Amino acid sequence: MNTKYELLYEGKAKKVFAHNDLDKVKIEFKDDATAFNALKKEKFEGKGKLNCLISARIFETLIKNNIPTHFIELENENTMIAKKIKVIPLEIVLRNTAYGSLCKQTTIKPGTFLSKPLIDFYLKDDELNDPLITKDRIELMNIISSDDLELIINLTLKINVILKNFFKNIQLKLVDFKLEFGYDSENNILLGDEISPDNCRLWDLNQTNDTIISLDKDRFRNDLGGLIEAYSEINRRINAFL
Ligand code: TMP
Ligand code: ASP
């Protein structure tokens, strides 16, 4: 599809195409899944569509709550129209519960509730393997101003409150998530990328015991199987709720 529009950028999970309106882009969600900086790769038929639909519903919820995002509308089940942004090369991770790399790099036990959300910054740089970086290093590299970083931190904390509540309503625990931001043509900071089970950890709250049931990309990262079933279940719960 989209052969008529110029491919501006191809990432691991999405393709970004030009739009007739220069302030907009078309974002096509792919079925590819990668983990560990693409050391691990697999195609899951239908993943692109599920992530596109889930992301669209979540962006709509955030917009209703006054969060500035790049999302405009769905073009079809696999493609969204978004405002064109210059992506800031940072991955902002917010953690409510300890899991994943936090537990590999510290002595904090998996599943520990964090009394205050933890925000970690990673430099978006595949060659360097997206390293964890500090506020001071961000400043040193002149990636963004400290005022803009504060704005992004505050937006991320607000988004966390909205998303935690959104997912709780559909019996999911929001363990952690990764966000990306960018500047529009008027230099406003907008939330970009996607919000989907590819970049959120979501645990099923419909559990009678303490077992962790991951309904997210950990199914692929940790070879648990059933990725499409998990993403479909999230999409089903969102549609049943909204
Ligand atoms: P981590 O525990 O591996 O650092 O991941 C934290 C969260 O960020 C988790 O929800 C998955 C998400 N994430 C991405 O979206 N992209 C990435 O490249 C990585 C490493 C994590
Ligand atoms: N974005 C990561 C990758 O490079 C995967 C992850 O989410 O863990 O492949």
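This text goes with the structure placed above it.
What you see as residue numbers is a count from 1 along each chain, following the sequence as written. Written order determines the labels here, with chains lettered from A and ligands numbered from 1. In view of the model being predicted, local features appear only for residues whose pLDDT reaches at least 70, and side-chain atom pairs are presented and counted only at 80 or more, with totals across whole chains, interfaces and linings using the full set of residues. Heavy atoms from the whole structure form the basis of all side-chain values; hydrogens and water molecules are not counted.

Quick notes on the sheet that holds strand E13 (residues 181–183)
Picture the strands of a sheet paired through backbone hydrogen bonds; they go either parallel or antiparallel.
1) Next: Only strands that DSSP links by at least two bridges are regarded as paired with each other. Numbering of helices and strands runs from the N terminus; a helix is a DSSP stretch of H or I covering at least four residues, while a strand is a stretch of E covering at least two. One open sheet accounts for three strands, arranged E8-E13-E14; its pairing is antiparallel. Here the strands that pair on one side only, and so sit at the sheet edges, are strand E8 (86–87) and strand E14 (189–191).
2) Next: In this sheet, E14 lies alongside E13 in antiparallel orientation, the contact comprising three bridges. For Phe181, the partnering residue across the bridge sits in E14 and is Leu191.

Brief notes about the site of ligand 2
1) Next: Proximity is defined per residue: if any heavy atom of the residue lies within 4 Å of a molecule or strand, that residue is considered near it. The environment of ligand 2 is formed by Lys12, Thr34, Ala35, Phe36, Asn37, Ala38, Lys217 and Arg221.
2) Next: A distance of 3.3 Å is found between an oxygen atom of ligand 2 and a backbone nitrogen or oxygen belonging to Ala35.
3) Next: What qualifies as a polar contact is a pair of N or O atoms within 3.5 Å, subject to a donor-acceptor requirement within protein and to the restriction that residues adjacent in sequence count only when both atoms come from side chains. Between ligand 2 and the protein, one listed contact pairs an oxygen atom with a side-chain N or O atom of Lys217 at 3.1 Å.
4) Next: Areas reported as accessible are Shrake-Rupley estimates using a 1.4 Å probe. Residue values count occlusion only from the protein chains shown. In isolation ligand 2 has 270 Å² of accessible area, and contact with the protein removes 72% of it.
5) Next: Split by residue class, the shell around ligand 2 holds three nonpolar, two polar and three charged. The nonpolar class holds Ala, Val, Leu, Ile, Met, Phe, Trp, Tyr, Cys and Pro. Asp, Glu, Lys and Arg form the charged class, and all remaining residues, Gly among them, are polar.

Side note on the site of ligand 1
1) Next: In the vicinity of ligand 1 lie 15 residues, with Arg95, Ser101, Asp176, Lys178 and Arg201 positioned nearest.
2) Next: Take Arg95: an N or O atom from its side chain is 2.9 Å from an oxygen atom of ligand 1.
3) Next: Notes on ligand 1: free accessible area 450 Å², of which the protein chains cover 77%.
4) Next: Every element with two or more residues in the shell around ligand 1 is listed here: strand E9 (90–97), strand E12 (172–179) and strand E15 (200–204).
5) Next: Per-class residue counts for the shell around ligand 1 are five nonpolar, three polar and seven charged.

Observations concerning helix H1 (residues 47–64)
1) Next: By definition here, a helix of n residues has an expected span of 1.5 Å times n minus one. A rise of 1.5 Å per residue sets the reference length of H1, with its 18 residues, at 26 Å; its end C-alpha atoms lie 26 Å apart and thus fit the reference within 8%.
2) Next: In terms of burial, H1 is largely enclosed, as 13 of its 18 residues are buried.
3) Next: After H1 finishes, the residue Asn66 shows a positive phi value of roughly 65°. Buried residues are those whose accessible area, probed at 1.4 Å on protein chains only, stays under 20% of the maximum for their type, while exposed residues exceed 50% and partly exposed ones sit between those limits.

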